[in-house]
Amino acid sequence: MLVDAPYYIPGSLAEPAAGNPQEPRNDRPAYGRQAAALALRGGSLAVFIGVLVFFSVTAPFFLTVGNIGNVLGQSAIAGVLAIGLTIVVIGGGSNVVTGGIDLSLAANMGLSAAVYATLVQAGQGDAVAIMAALGTGLVIGAVNAAAVTLAGIVPLLATLAVMNVVAGLELVLTQNTVVPASSELLAALSASGPLGIPVLAYVLLGFTLLVAAAVQFTPLGLRLYAVGEFPQAARAAGLPVKAFVAGSFIASGLCGGIAGILSVSFLSGSTTGAGDMLLPVVVTALLGSVFSRRLVPTITGTLLSTLFVGFLINGFQLLNISSTLVSGVQGLLILLVVSATTLLRRQENI
Amino acid sequence: MPARQLSVSIPTVTRSIGRHALIAALAAVFVLFAWLAPAFLSGANLLSVLVNNFALLAIVATAMTFAVSAGGIDLSVGTAIDFASFAFVSLVLAGQPIPLAALGGLAGGVVVGLFNAVLIAGIGISPFLATLGTLFVGRSVQQLLTNGGNPVYLPPTGVPDAFRFLGHGTIVGIPVPLLVAALVIAGAWLGLSRSRFGRVVLATGIQASVVRYSGIALRRYTAATYILVSGIAAVVGLILTSTVTVYIPSSGNAFLLNAIGATFIGTTLSPHGRPNIPGTVLGVLLLSIVANGLLLSGLNFYWQQVGTGLLIFSVLAIGFANRKAAART
């Protein structure tokens, strides 16, 4: 795998169970694989659309502007977090154990939300509170970045330890209670925008657009992909690999801070239990790669997978199906997707 | 080499500190808590640390060590614990004899391992993603089985004493959970570092392709590894259920992060940064002592998590920085 990754790999966790990307790839254009990839990508889009059609037919209110807006709004927090995670995955390589992953994101959101709510409750203005919440996110991101690039801890472990510390700090700050908060910004965020769609929905779309533009359409973004997928080649080409990896963690920390503010507006305060968001967000971000052309993590793919999960939950609710099935469906989806990509890659390597 | 001996002596010193960061940390927290909280050193307290904090986590972390040794990870150990617990409780409620119910519980946990084995060794999904998927599917299955996540209680009366034996019993004065943990640790140590199976597992973790090219049935070993992991985790499910006489859906996940933490803290003990059973056990011991000591020292409960996190973070940082330095020379 990443033989000379910017951080030390313990043993060879890097070794995937099957396939060996280090082996030279055959040069002839793999039409079969392209067709299969197209089938997978088209297949996942088809499943997405199929689910939407199914819900529109069976649940009368599903296909209304109001409902779709609601789903977008409810997905905003998870979406921003998943996008942050996607940036780390792009910059660190897609091997989840040795590559980029940020387990501290959900805890980060919790602490940033707590900081914001506490400051607002203490009578501080929006400006101070926003700066503090985003600053909290940035600091957490910077600690992750330092742990990964300077101390050389594997991201999975570094962010796991940071997650514990951050979750503890949130408990210290809030004493494990709900901190209600109201401010002008919060009122503006939780209001309805044009077309009766929640402002949060617009925030999610705008945020995605901004990050997608930066990651998918700028030289900076291209270099981030290069650093993640081929660190040696990137280094040989003169890219500051460590700086990019560090930057991806700081960006993801900032996303945690933003998600924190959004969650305060969505829940009218900071609540406990932010850590429960972690695994769903990880799954969402990893699932996003099926919605991309080359089956790599992309920002738009992550948005689609966030919305997919959001629509599933919403549709289940409208149909009165137990929403407990959602986690099962998510699990099955990720297994299906990953099996399909693994089998594709294996074919390619033969 | 002898000529360079002098010039590398300082890095060597810092490296040996790094190597022993875990033992130093253990000694430090032990002394610190003995000084902060006099009750810490009492025999009753130390025994309670071992039985209440150490035993169960040690078994889960031992299981995790196998997965990490093979170059993977198992995020579904909690699912195996839950499935074992559910099968055990259901069989007892159905009136089956305890030994049979316990066997059924173990089988319930192993089902999770079989599922993982198919995904990882059969299809070839990376262990992280495969077991993450298992975790989600397992959570959903449990909620379906329990009407949306209701705990399954055993009636307070009518539960045979044999049921409580695993959690509350003693053999020659030693609590059964501790005894089981010691057996599992000893067995795992023998299995991992003294058997052919263990050698193949360790080799898989270092360079899987070499194992494959050596003509070893890699897939079979990988499958066996994940089945073994869930089997060991299932033991925790039995003890846990026997202790609290209730099955709570998805409660096993509480062990997950600490087990991963302990396993990787343990890798700092090995000069090559490899997972190893003694290291894992010391890692669990460190976590248990810190949890208990912080409680006794009367520190605000919420600061305890911060303290534990910072401690794990520093042990990892020292261990990894040291390994990086070693790799450079």
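Structure's up top.
A.B. asks: Lay out the overall build of chain A with the relevant residues and their values.
C.D. replies: When helices and strands are counted, chain A shows 13 helices and two strands. Split into buried and exposed, the 350 residues of chain A put 55% on the buried side. When contacts within chain A are restricted to residue pairs at least 6 apart in sequence, those whose partners lie at least 24 apart make up 78%. For chain A, the exposed surface amounts to about 13900 Å²; the carbon and sulfur share of it is 68%.

A.B. asks: How would you summarise the packing of aromatic side chains if you had to cite specific residues and measurements?
C.D. replies: Residues and elements named next belong to chain B. Taken as a whole and assessed by the stated rule, the structure comprises five aromatic pairs over all chains. Taking 5.4 Å as the distance between ring centres and 75° as the angle between the ring planes, the aromatic pair formed by phenylalanine 30 and phenylalanine 40 counts as edge-to-face. Of the two residues, phenylalanine 30 sits in helix α3 (residues 21–36) while phenylalanine 40 sits in the loop between α3 and α4 (43–69), which places them 10 residues apart along the sequence. For phenylalanine 40, a relative accessible area of 0% corresponds to the buried category. Aromatic side chains phenylalanine 197 and tyrosine 221 sit 5.9 Å apart centroid to centroid with 25° between the ring planes, which places their arrangement in the stacked category. Taken together, the residues span a long stretch of sequence, with phenylalanine 197 in helix α10 (residues 196–206) and tyrosine 221 in helix α12 (residues 218–244) at a distance of 24 residues. On the accessibility criterion, tyrosine 221 (18% relative accessible area) is buried. An aromatic cluster is defined as three or more aromatic residues linked by ring pairs; in this entry it consists of Phe30, Phe33 and Phe40. Directly above the ring of phenylalanine 136 sits arginine 139, whose terminal nitrogen or CZ lies 5.4 Å from the centroid.

A.B. asks: Can you break down the nonpolar core residue by residue, with the values?
C.D. replies: Among the nonpolar cores identified, the biggest contains 174 residues, and A:Ile153, A:Val282, B:Phe128, B:Leu132 and B:Ile260 are the most heavily contacted of them. Once you skip the residues sitting within four places of it in the chain, A:Val282 turns out to touch A:Leu85, A:Ile101, A:Leu103, B:Phe128 and B:Leu132. Membership of the second largest hydrophobic core comes to 11 residues, among which are B:Ile98, B:Ala101, B:Leu238 and B:Tyr247.

A.B. asks: Before we move on, can you summarise helix α14 (residues 277–296) of chain B with the specific residues and values?
C.D. replies: An ideal rise of 1.5 Å per residue puts 28 Å on 20 residues; α14(B) measures up with 28 Å between its terminal C-alpha atoms. Of all 20 residues making up α14(B), 14 are buried, and the element is well covered by its neighbours.

A.B. asks: Pulling in residues and values, what's your account of the interface of chain B and chain A?
C.D. replies: It is common to give the size of an interface as the accessible area that goes away when the parts come together. Residue-level contacts link 58 residues of chain B with 57 residues of chain A. Surface buried jointly by chain B and chain A totals about 4600 Å² across both partners, of which 72% is contributed by carbon and sulfur atoms. Across the contact surface, chain B and chain A share zero salt bridges. Taken together, chain B and chain A are joined by zero residue pairs in polar contact (both at pLDDT 80 or more).

Rules used in this analysis
- Residues numbered from 1 in each chain as written.
- Chains lettered and ligands numbered in written order.
- Predicted model: local features only at pLDDT ≥ 70, side-chain atom pairs only at ≥ 80, totals over all residues.
- Heavy atoms only, no water.
- Helix = DSSP H or I, 4+ residues; strand = E, 2+ residues; numbered from the N terminus.
- Buried < 20%, exposed > 50% of the residue type's maximum accessible area, 1.4 Å probe, protein only.
- Contact = heavy atoms within 4.5 Å.
- Areas by Shrake-Rupley, 256 points an atom, 1.4 Å probe, with all protein chains shown as cover.
- Phe/Tyr/Trp six-rings, centres within 6.5 Å; stacked < 30°, edge-to-face > 60°.
- Lys NZ or Arg CZ within 6 Å of the ring centre and 35° of its normal.
- Core = buried A, V, L, I, M, F, W, Y, C linked by side-chain atoms within 4.5 Å.
- Expected span 1.5 Å × (residues − 1).
- Buried area = accessible area lost by both parts, 1.4 Å probe.
- Salt bridge = Lys/Arg side-chain N within 4 Å of Asp/Glu carboxyl O.
- Polar contact = N/O pair within 3.5 Å; in protein donor to acceptor, adjacent residues only side chain to side chain.

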